[in-house]
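# Descriptive structure summary
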Amino acid sequence: MASAKITQVEADRLLKMLKRTLMSEISFPAKGESAEFNVAGDSKQDIFAINIFRGKINRLKYNIGARIVKNGILLLELHINPSNVHPNPDGEKITGSH
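Residues numbered from 1 in each chain as written. Predicted model: local features only at pLDDT ≥ 70, side-chain atom pairs only at ≥ 80, totals over all residues. Heavy atoms only, no water.

## As for the overall build of the protein chain
The line we're drawing: To qualify as a helix, a DSSP run of H or I must reach at least 4 residues; to qualify as a strand, a run of E must reach at least 2; elements of each kind are numbered from the N terminus. Residue exposure (1.4 Å probe, protein chains only): buried if accessible area is under 20% of the type maximum, exposed if over 50%, otherwise partly exposed. For this analysis, residues touch if any pair of their heavy atoms sits within 4.5 Å. Per-residue and other accessible areas were derived by the Shrake-Rupley procedure at a 1.4 Å probe size, with only the shown protein chains allowed to occlude residues.
Each helix and strand counted, the protein chain has one helix and six strands in total. Beginning at the N terminus, the succession of helices and strands in the protein chain can be written as α-β-β-β-β-β-β. Scored against the burial criterion, the 98 residues of the protein chain give a buried share of 15%. Contacts in the protein chain between residues at least 24 apart in sequence constitute 12% of all its contacts with a sequence separation of at least 6. For the protein chain, the computed accessible surface area is about 7900 Å², with 58% contributed by carbon and sulfur atoms.

## Notes on the side chain of Arg-54
Operational definition: When charges are counted, Lys and Arg contribute as positive and Asp and Glu as negative, whereas His and the chain ends are disregarded. The rule for a salt bridge is simple: a side-chain nitrogen of Lys or Arg has to be within 4 Å of a carboxyl oxygen of Asp or Glu. Two N or O atoms count as a polar contact when they lie within 3.5 Å, although within protein this holds only if one can serve as hydrogen donor and the other as acceptor, and sequence-adjacent residues are included solely when both atoms are side-chain atoms.
Along the chain, Arg-54 turns up in strand E2 (residues 47-54). No salt bridge is formed by the buried Arg-54, whose closest oppositely charged neighbour, Glu-33, lies at an N-O distance of 9.2 Å. Looking at Arg-54, its side chain comes within polar contact range of the main-chain oxygen of Arg-59, at 3.2 Å. In this view, Arg-54 contacts Pro-29, Ala-30, Lys-31, Gly-32, Glu-33, Arg-59, Lys-61 and Tyr-62; residues no more than four positions away in its chain are not counted.

## Points about the pairing of strand E3 (residues 62-68)
Using the following cut-off: Here, a strand pair is defined by DSSP locating no fewer than two bridges between the strands.
Relative to E3, E2 runs antiparallel, the two sharing seven bridges. Across the sheet, the residue bridging to Ala-49 is Arg-67, located in E3. Here E3 pairs with strand E4 (residues 74-80) via six bridges, running antiparallel. From the neighbouring strand, Gly-65 faces E4, where its bridge partner is Glu-77. Hairpin connection, E3 to E4: the antiparallel pair is bridged by five residues, and Gly-72 has positive phi, about 75 degrees.

## Structural notes on a nonpolar patch on the surface
Defined as follows: Patches were defined on residues exceeding 30% relative accessible area and lacking a salt bridge, with like-charge contacts within 9 Å and nonpolar side-chain contacts (Val, Leu, Ile, Met, Phe, Trp, Tyr) within 5 Å.
A cluster of nonpolar side chains, contributed by Ile-6, Leu-14 and Met-17, occupies part of the molecular surface with about 260 Å² of accessible area. Of note, Ile-6 is situated in the segment before helix H1 (8-25).

## Examining the sheet that holds E3
The condition is simple: Angles run from 0 to 180 degrees between N-to-C directions of axes, and those axes are lines fitted to C-alpha atoms, restricted for helices to the stretch in contact.
If you trace the four strands from one edge of the open sheet to the other, you get E1-E2-E3-E4, paired in antiparallel fashion. This sheet does not close on itself; its edge strands, each paired only once, are strand E1 (34-40) and E4. Across the sheet, the axes of successive neighbouring strands diverge by a mean angle of 15 degrees, strand direction being ignored.

## Digging into the packing of aromatic side chains
To keep it simple, the criterion reads: Working definition: a ring pair exists when centres of Phe, Tyr or Trp rings (six-membered ring for Trp) sit within 6.5 Å. Plane angles under 30 degrees give stacked, over 60 give edge-to-face, the rest tilted.
The full count for this structure, using the stated rule, is one aromatic pair. Seen from their ring centres, Phe-28 and Tyr-62 are 5.5 Å apart, and the 75 degrees between their planes marks the pair as edge-to-face. Taken together, the residues span a long stretch of sequence, with Phe-28 in the loop between H1 and E1 and Tyr-62 in strand E3 at a distance of 34 residues. In this structure Phe-28 comes out as partly exposed when scored by relative accessible area, which is 32%.

The structure is reproduced here in structure tokens:
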């Protein structure tokens, strides 16, 4: 498969479009607050709860989690905090967002 290339101007335009779309579709909470909403999967039985928390002191800190509503199993947990060290479950420490 050939690798497609785009210019920086095209990439910037597409990223701005993506950001506008995400911001219009997802309501990010105010500082120190959480927002939770459900998302339907491929079937009506697959319902996921998405939780977004925004840091109270550092407005750039976000925690995003996704879990299966039916049994509460956590599928995804993403911590965005550019100024903090985050320990992974295996004990490895990561600095910044990941």
